Amino acid sequence: AKKLNAPLFAEKSSGAPFHIISDELCSHFDLFLQNTNRIEFAPDLILRIGAPLTSKFFNQWIEQEKCSQIILDQLGTGRNPSYGPTQFISGSVKSWLEKIHSNVQANPDLSWTVKILEKEKETRLALDQYLQDQNSFTEWKLHHSLIEKLPASCQVFLGNSMVIRDFENCAEIKNKDL
């Protein structure tokens, strides 16, 4: 993501937002994709590592745009719910990423990335403000503050659809081994 200056879309359930603290990280995309004109954010290519994201709005977005995808999948299962144009690559994700990193000549158009990262920042700030303005304790406040209260190296298990979605939308990003 850094070399290509591309946004890194990572759901909190992947653990990545608690290990990768990066300017390119987008973890609130489910919130901003449901409230924006998706056309202005159409990507040229998606490099997906592993399983598809569970975000309904992300999956609708890439299906609508018919984005080309390269899917690196260590298990070789080739799951692709969008059925868009796709190239599957199985094998060691680490070795493929090293090959890609060493061979890619980056000269990206930064305007697209800047738009995405601005939306991410706006969404984080709006979420923080919304939660501060709430007078009562809500599910969203619980999920937002949960990460801070958990000890390092613990595992979090979330069950049922809405609990998972609320966690994805609200959990604060902290550099913590979860």
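Now for a look at the structure at hand.

Scoring rules and cut-offs
- Residues numbered from 1 in each chain as written.
- Predicted model: local features only at pLDDT ≥ 70, side-chain atom pairs only at ≥ 80, totals over all residues.
- Heavy atoms only, no water.
- Axes fitted to C-alpha atoms, helices over the stretch in contact; angles between N-to-C directions.
- Helix = DSSP H or I, 4+ residues; strand = E, 2+ residues; numbered from the N terminus.
- Parallel < 35°, antiparallel > 145°, perpendicular 65-115°, else oblique.
- Left-handed = near helix turned anticlockwise from the far one by under 90°.
- Contact = heavy atoms within 4.5 Å.
- Core = buried A, V, L, I, M, F, W, Y, C linked by side-chain atoms within 4.5 Å.
- Buried < 20%, exposed > 50% of the residue type's maximum accessible area, 1.4 Å probe, protein only.
- Arc of directions from axis to C-beta.

A word on the packing of helix α5 (residues 139-149) against helix α6 (residues 161-170)
Part 1 of the argument: Packing of α5 against α6 brings their axes to within 8 Å, and their N-to-C directions diverge by 60 degrees. One finds that α5 runs oblique with respect to α6. In terms of crossing hand, the pair formed by α5 and α6 is right-handed. Residues Glu139, Trp140, His143, His144, Leu146 and Ile147 of α5 lie in contact with α6, whose contacting residues are Val163, Asp166, Phe167, Asn169 and Cys170.

Observations concerning the nonpolar core
For soluble globular proteins, nonpolar side chains are generally found buried alongside one another.
Part 1 of the argument: Of all hydrophobic cores here, the largest spans 14 residues; its most connected members are Phe9, Phe29, Leu33, Phe58 and Trp61.
Part 2 of the argument: Where this core is concerned, the elements lending two or more residues are α1 (29-33) and α2 (56-65).
Part 3 of the argument: For this core, the leading source of residues is α2, giving four residues.
Part 4 of the argument: Discounting residues that sit within four places of it in the chain, phenylalanine 29 has contacts with Phe9, Ala10, Glu11, Leu53, Ser55, Phe58 and Glu120.
Part 5 of the argument: Counting six residues, the second largest nonpolar core, distinct from the first, contains Ile147, Leu150, Phe167 and Ala171.

Focus: α5
Part 1 of the argument: Turning to α5, its buried residues number three or more, namely His143, His144 and Ile147. Burial along α5 is one-sided: seen end-on, the buried residues are contained in an arc of 95 degrees. Turned more than 90 degrees off the buried face of α5, the exposed positions are Glu139 and Lys149.
Part 2 of the argument: In this structure, the buried residues of α5 make contact with α4 (110-133) and α6.

Focus on α6
Part 1 of the argument: Of all the residues in α6, the buried ones are Asp166, Phe167, Glu168, Asn169 and Cys170.
Part 2 of the argument: At its buried positions, α6 is contacted by α1, α4 and α5.

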